[in-house]
Amino acid sequence: MSKGTRLGYVRFFIVLNSQSERAIQTKMVKEGKSLSEALLSAKAEGRLTVGVYECAKIMNEDPDSVSFCLLATDDFECDVALQIHFTLIQAFCFDNDISIVRVNDLKRLNALVGAKGQLEDAHCVLITNPAEDSWEDPALEKLHLFCEESRSYNEWVPEITLPER
């Protein structure tokens with residue numbers, strides 16, 4: 001292979017790689033918006049459970065009612081007990097076919113799911129299934145598809161960035 005051909009392959013790979021990165025960033029923005037919409041919708045309908053222990057209780061009592069799980073940390077957080085809880089919650093979600101994602105901005109998540117002026121323990125958030133007589137949430141369906149697609153790429157707990165408010 002000549003040097004010019006190798007450079008052509010490298011240039012093609014760099015262009016393809018940068019296009020893929022832009023597509024991934026665009027997809028992350030869309031998924032973040034879908035997550036925000038799903039959380040706000042679930043909160044308005046009373047289908048949101050916030051807090052590690054509250055979520056564990058719901059998963060233990062009625063795992064079939066859980067539609068979506070969200071784990072949130074800040075990058076600088078290194079709480080070992082929290083990491084153990086996360087590992088157990090992830091395993092439970094995998095065993096019960098519950099879609100699960102991570103969010104790395106706890107403050108933004110608190111702003112979405114907490115009451116005004118009240119700081120919630122939003123390290124774990126569950127969205128339960130809508131009532132049988134109501135419509136499916138389109139934002140939640142997009143998130144389920146995103147999780148399914150991520151699993152096909154061996155990314156078992158994808159990370160979503162919430163949009164700025």
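Before reading on, note that the structure itself is shown above.
Worth saying up front: this structure is predicted, and the values here are computed from it rather than measured.

Caption draft 1: Spotlight on the overall build of the chain. For the chain, the count of helices and strands is five helices and five strands. Looking at the chain residue by residue over its 165 residues, the buried ones come to 39%. For the chain, long-range pairs separated by at least 24 residues make up 81% of all intrachain contacts whose partners lie at least 6 apart in sequence. About 10,400 Å² of surface is accessible on the chain, with carbon and sulfur atoms providing 56% of the total.

Caption draft 2: Just unusual backbone geometry, in detail. Notably, Asp97 is not glycine yet its phi reads approximately 55°, a positive angle. One can find Asp97 in the loop between α3 (80-95) and β3 (99-103). Of the residues examined, Asp97 reaches a relative accessible area of 72% and is grouped as exposed. Of note, the phi angle at Asn154 is positive, near 60°, even though the residue is not glycine. By the element assignment, Asn154 lies in the loop between α5 (138-152) and β5 (159-160).

Caption draft 3: A look at the nonpolar core. If you look at the biggest cluster of nonpolar residues, it comprises 25 residues, and the most contacted ones within it are Leu35, Leu39, Leu109, Val113 and Val125. For this core, the secondary-structure elements that each account for two or more residues are α1 (3-45), β1 (48-50), β2 (66-72), β3, α4 (106-113), β4 (124-128) and α5. Residue contributions to this core peak at five residues, all from α5. Setting aside its immediate chain neighbours within four residues, Val113 contacts Leu39, Lys43, Leu48, Val50, Ala122 and Val125.

Caption draft 4: How the structure looks around α3. Between its first and last C-alpha, α3 extends 23 Å over 16 residues, near the 22 Å set by a 1.5 Å rise per residue. Among the residues of α3, Leu82, Phe86, Ile89, Gln90 and Cys93 are the ones counted as buried. Viewed end-on, α3 has its buried residues packed into an arc of 105°, placing them on one side of the element. Within α3, the exposed residues directed more than 90 degrees away from the buried face are Val80, Thr87, Leu88 and Asp95. In the core, the buried residues of α3 are packed alongside α2 (52-61), β2, β3 and β4.

Caption draft 5: Highlighting the side chain of Ser99. In this fold, Ser99 is placed in strand β3. Judged by relative accessible area, which is 6%, Ser99 ranks as buried. Here His144 takes part through its side chain, which lies 2.8 Å from a polar atom of the side chain of Ser99.

Caption draft 6: Geometry of the sheet that holds β2. Pairing is mixed across the open sheet formed by five strands, whose spatial order is β1-β4-β2-β3-β5. The open sheet has two edge strands with one neighbour each: β1 and β5. Bridge analysis of β2 against β3 gives five bridges, and the strand direction is parallel. Residue pairing for β3: Cys69 is matched across the bridge by Ile100. Its contacts with the sheet put α2 on β1, β2 and β4, and the angle it makes with β4 is roughly 40°.

About the cut-offs
- Residues numbered from 1 in each chain as written.
- Predicted model: local features only at pLDDT ≥ 70, side-chain atom pairs only at ≥ 80, totals over all residues.
- Heavy atoms only, no water.
- Helix = DSSP H or I, 4+ residues; strand = E, 2+ residues; numbered from the N terminus.
- Buried < 20%, exposed > 50% of the residue type's maximum accessible area, 1.4 Å probe, protein only.
- Contact = heavy atoms within 4.5 Å.
- Areas by Shrake-Rupley, 256 points an atom, 1.4 Å probe, with all protein chains shown as cover.
- Core = buried A, V, L, I, M, F, W, Y, C linked by side-chain atoms within 4.5 Å.
- Expected span 1.5 Å × (residues − 1).
- Arc of directions from axis to C-beta.
- Polar contact = N/O pair within 3.5 Å; in protein donor to acceptor, adjacent residues only side chain to side chain.
- Pairing = 2+ DSSP bridges.
- Axes fitted to C-alpha atoms, helices over the stretch in contact; angles between N-to-C directions.

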